[in-house]
Amino acid sequence: MIRAPTTLRPIPRGMVPMDLDDAAAELARSRSQSISVSSSPSNSDSDDPRSGSPSSVRSLSSTSTVSSDREEAFFRDLAGRKLNTMNVAYTLPADASEIKRMEQEHRMLKFVLNSNYVGNVKDVLASTREKDKRILDCGTGSGHWFELFDLDGQQLPYPDGYFDVIHCRSVYMGIRNYPLFLRECARVLRKNGMIILAEADTQPLTDNKRPMSPEYAPGWTALWTEYRKALARNGFDVSVPTRLRALLQEVPALRDNVVAQEALVPIGTWPKDPLLLTIGQLSWMNQDNLLFSLIPTLSTVSGIPEDHVKKLIEAAQKDLYYPQIRPYVCWHFAHARKIGGR
């Protein structure tokens, strides 16, 4: 029987710290090593980046602001979940359950990074003489209280050199032309401004970043294989997370100031280190809920019958709940400062 999504509740006392935000800083101070967030050498990305032509910009995207009386115009129902209408290619939900999952993911990443982001944002903001600081957060969840616009293949609706910082996390599965998106980000970024990228690889991994063998986790690997196929079928490049450095280096205004890092994040409660245990459990809860967020993609993009989707999730949950091998997810981070321009 398929299990219901994990309830996002305070973690039981005695297992991991109750106050996650305070504990993150305290544990990081008390441990010189926890999860390894490693920087990649400058020539680590050998794959040729997929570049897009400037002529593929379709139109200037417009902005809108969501309010309670306008929700129906911005959200649609699909496979029992609520999705956004501005980018129909993005098939992850944008409903309350997904926002809670993303908040859980954010807390997990805060433990991993001991911060909300990579890069010295404070120095970037302090380096501008402008009184007003402008930060663009691409992929901002539900969009409540924020401007909404489509990121996929369109010109960002802002003037050149407008933002001090641009933050983009978990957005590549909604952007078919990622190189074009990065060029647009560079355009609207001011001189010496910073762009920050964070994406999780969907390739199932185990210890030492080895690809997970279907022999030990048939359900887990089968589900992620189907999801990766669905993303590719929908026109998305599943290699984007592993090529963030190379993609940024293809943008002339960013190529000389790129810093790339990665973190191999455990999924489960087996780590002995207290900080890794905290990260592992938060990661496990995030992945358990993420399985249900994949239903619209699997059922509509891949055309998999509903009963088969349920079997895929049930088999993946079995490997998640009773693992025969340690699962990991690799998060990739990159940031760069803009040179030249306004």
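Going by the structure above, here's the rest.
In short, a report on the structure. This is a predicted model, so every value here is computed, not measured. (Residues numbered from 1 in each chain as written. Predicted model: local features only at pLDDT ≥ 70, side-chain atom pairs only at ≥ 80, totals over all residues. Heavy atoms only, no water.)

Across its full length, the chain carries 10 helices and 12 strands. Within the span of the chain, comprising 342 residues, buried residues form 51% of the whole. Put simply, of all contacts in the chain between residues at least 6 apart along the chain, 80% involve residues at least 24 apart. Of the accessible surface of the chain, which amounts to about 16400 Å², a share of 49% is contributed by carbon and sulfur atoms. (Helix = DSSP H or I, 4+ residues; strand = E, 2+ residues; numbered from the N terminus. Buried < 20%, exposed > 50% of the residue type's maximum accessible area, 1.4 Å probe, protein only. Contact = heavy atoms within 4.5 Å. Areas by Shrake-Rupley, 256 points an atom, 1.4 Å probe, with all protein chains shown as cover.)

Another aspect to go through is the pattern of salt bridges. Counted under the stated rule, the structure contains 11 salt bridges. The partner of R243 in a salt bridge is D237, with the nearest N and O atoms 2.6 Å apart. Each member of the pair R243 and D237 is classed as buried. K310 is the partner of E306 in a salt bridge, and the nearest nitrogen-oxygen pair spans 3.6 Å. Of the two residues, E306 and K310 are both situated in helix α10 (residues 306-321); the distance of four residues between them amounts to about one turn of the helix. The exposure class of E306 is exposed, given its relative accessible area of 59%. Three or more residues joined by partner-sharing salt bridges are found here, namely E98, R101 and E105. (Salt bridge = Lys/Arg side-chain N within 4 Å of Asp/Glu carboxyl O.)

Below, the discussion takes up the pairing of strand β7 (residues 163-169). Taking burial as the measure, the seven residues of β7 include seven buried ones, the bulk of the element. When strand β5 (residues 135-138) meets β7, the two strands line up parallel, connected through four bridges. Bridge pairing in β7 links I135 to V165. Bridging between β7 and strand β8 (residues 189-200) involves six bridges; their strand directions are parallel. Bridge assignment links I166 to a residue of β8, and that residue is I195. In this region the chain leaves β7, passes through helix α5 (residues 178-188) and returns to the parallel neighbour β8; the handedness of that crossover is right-handed. (Pairing = 2+ DSSP bridges. Right-handed = clockwise from strand over helix to strand, strands pointing away.)

All right, on to unusual backbone geometry then. Phi at S170 is positive, roughly 55°, even though this residue is not glycine. Not every positive phi belongs to a glycine, and K209 is a case in point at roughly 65°.

Two numbers describe how helix α3 (residues 96-113) lies on helix α8 (residues 274-293): the axes approach to 9 Å, and their chain directions differ by 155°. By the angle between their axes, α3 is roughly antiparallel relative to α8. Note on packing geometry: the crossing formed by α3 with α8 is left-handed. Contact with α3, carried on its side by E98, R101, Q104, E105, R107, M108, F111 and V112, involves L275, T278, I279, L282, S283, M285, N286, N289, L290 and S293 of α8 and no other residues of that element. Residues of the contact of α3 with α8, tallied by class, amount to eight nonpolar, six polar and four charged. (Axes fitted to C-alpha atoms, helices over the stretch in contact; angles between N-to-C directions. Parallel < 35°, antiparallel > 145°, perpendicular 65-115°, else oblique. Left-handed = near helix turned anticlockwise from the far one by under 90°. Nonpolar A, V, L, I, M, F, W, Y, C, P; charged D, E, K, R; others polar.)

Across all of its chains, the model carries nine aromatic pairs by this definition. Aromatic side chains W224 and Y227 sit 5.8 Å apart centroid to centroid with 85° between the ring planes, which places their arrangement in the edge-to-face category. Of the two residues, W224 and Y227 are both situated in helix α6 (residues 218-233); the distance of three residues between them amounts to about one turn of the helix. For W224, a relative accessible area of 6% corresponds to the buried category. Plain terms: the ring middles of W331 and F333 are 6.3 Å apart, the flat faces sit at 15° to each other, and that makes the pair stacked. Given a relative accessible area of 3%, F333 falls into the buried group. One aromatic cluster is present, built from ring pairs that chain together Y158, Y162 and F163. For R134, the ring lying beneath its charged end belongs to Y162, and the centroid distance is 4.0 Å. (Phe/Tyr/Trp six-rings, centres within 6.5 Å; stacked < 30°, edge-to-face > 60°. Lys NZ or Arg CZ within 6 Å of the ring centre and 35° of its normal.)

Tracing the sequence through the fold places Q249 in helix α7 (residues 244-249). It is 9.1 Å that separates the C-alpha atoms of Q249 and A336, two residues lying 87 residues apart in sequence.

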